[in-house]
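Structure at a glance
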Amino acid sequence: MQQRPKSIYSRGAHDGLYMGCYLSLLMIAIGASMVVPLLSLAAIAGVIGVPFVIYRFLKRSYANDGYRSTFAALWVHGICIFFFGGLLMALTVYLTLRFGAPGYVAEQTANVIAAYREIGSAQATEFADLLQAVLDAGALPTPAEIAVELVWMGVFSGSLLSILVALIVRSRRSGPPPYMGAGEV
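Described in the following lines is the structure provided in the data block. (Residues numbered from 1 in each chain as written. Predicted model: local features only at pLDDT ≥ 70, side-chain atom pairs only at ≥ 80, totals over all residues. Heavy atoms only, no water.)

1. Description of the packing of aromatic side chains
Tallied over the entire structure, the rule returns four aromatic pairs. For the ring pair Y62 and Y67, a centre distance of 5.3 Å and an interplane angle of 85 degrees mean the geometry is edge-to-face. Taking the relative accessible area as the measure of exposure, Y67 reaches 15% and is therefore buried. (Phe/Tyr/Trp six-rings, centres within 6.5 Å; stacked < 30°, edge-to-face > 60°. Buried < 20%, exposed > 50% of the residue type's maximum accessible area, 1.4 Å probe, protein only.)

Listed below in structure tokens is the structure:
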């Protein structure tokens with residue numbers, strides 16, 4: 001019995017689960033690098049690795065489709081991966097900022113204010129004063145606002161990255177041409 005192929009959205013959700021775990025670990029490494037500076041190296045490596053991870057997902061999908069996927073299908077698959085992965089990453093960040101480290105944003109804002117005050121220039125002092133006013137007014141973004149922003153940022157940047165990766169995947173086909181059947185090679 002022949003198995004029915006999965007839709008682009010189903011594959012995107014499935015691959016997005018793994019991408020979400022990857023991005024969640026990446027965000028934890030970025031946040032924790034303020035306490036453990038060595039984690040910043042892991043975070044940089046993780047950011048550099050994102051295009052390679054999406055390439056593997058799209059290449060596998062292309063091969064599973066018999067190298068017949070269109071550019072648009074690969075691009076949409078990449079967008080779905082980043083959308084569903086971004087949801088998991090945003091949930092991780094929300095839970096971390098809400099329950100694990102509720103004062104993180106305020107602490108980092110205070111660190112930035114102190115760093116700008118140390119610069120001593122007029123522009124730096126003005127910016128530090130502006131940030132201090134935001135901090136004093138309690139106008140910092142909430143964990144939910146940060147999580148929503150991360151989803152939007154992830155989908156937007158993932159969409160742009162998926163354009164490039166889909167083009168690369170389509171140009172590196174290593175199977176039979178899309179118009180030939182399996183026995184016609």
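Let's pick the thread back up.
2. Some remarks on the nonpolar core
One finds M19, I54, L58 and V169 to be the most contacted residues of the largest nonpolar core, which totals 24 residues. Put simply, the parts of the chain that give this core at least two residues each are α1 (8-32), α2 (39-64), α3 (71-100) and α6 (143-171). Tallying contributions element by element places α2 first for this core, with seven residues. When near neighbours in sequence (up to four residues on either side) are disregarded, M19 contacts V50, V53, I54, F57, I81, F82 and G85. (Core = buried A, V, L, I, M, F, W, Y, C linked by side-chain atoms within 4.5 Å. Helix = DSSP H or I, 4+ residues; strand = E, 2+ residues; numbered from the N terminus. Contact = heavy atoms within 4.5 Å.)

3. Observations regarding α1
Because an α-helix packs 3.6 residues into every turn, residues spaced three or four apart end up facing the same way. If you check α1, its first and last C-alpha atoms are 35 Å apart, about what 25 residues at 1.5 Å a residue would give, namely 36 Å. Taking the largest bend as the criterion, α1 deviates by roughly 30 degrees, centred on G16. Regarding α1, the residues found buried are R11, G12, D15, G16, M19, G20, L23, S24, L26 and A29. Lining the buried residues of α1 we find α2 and α3. (Expected span 1.5 Å × (residues − 1). Bend = angle between axes of the 7 residues up to and from the residue.)

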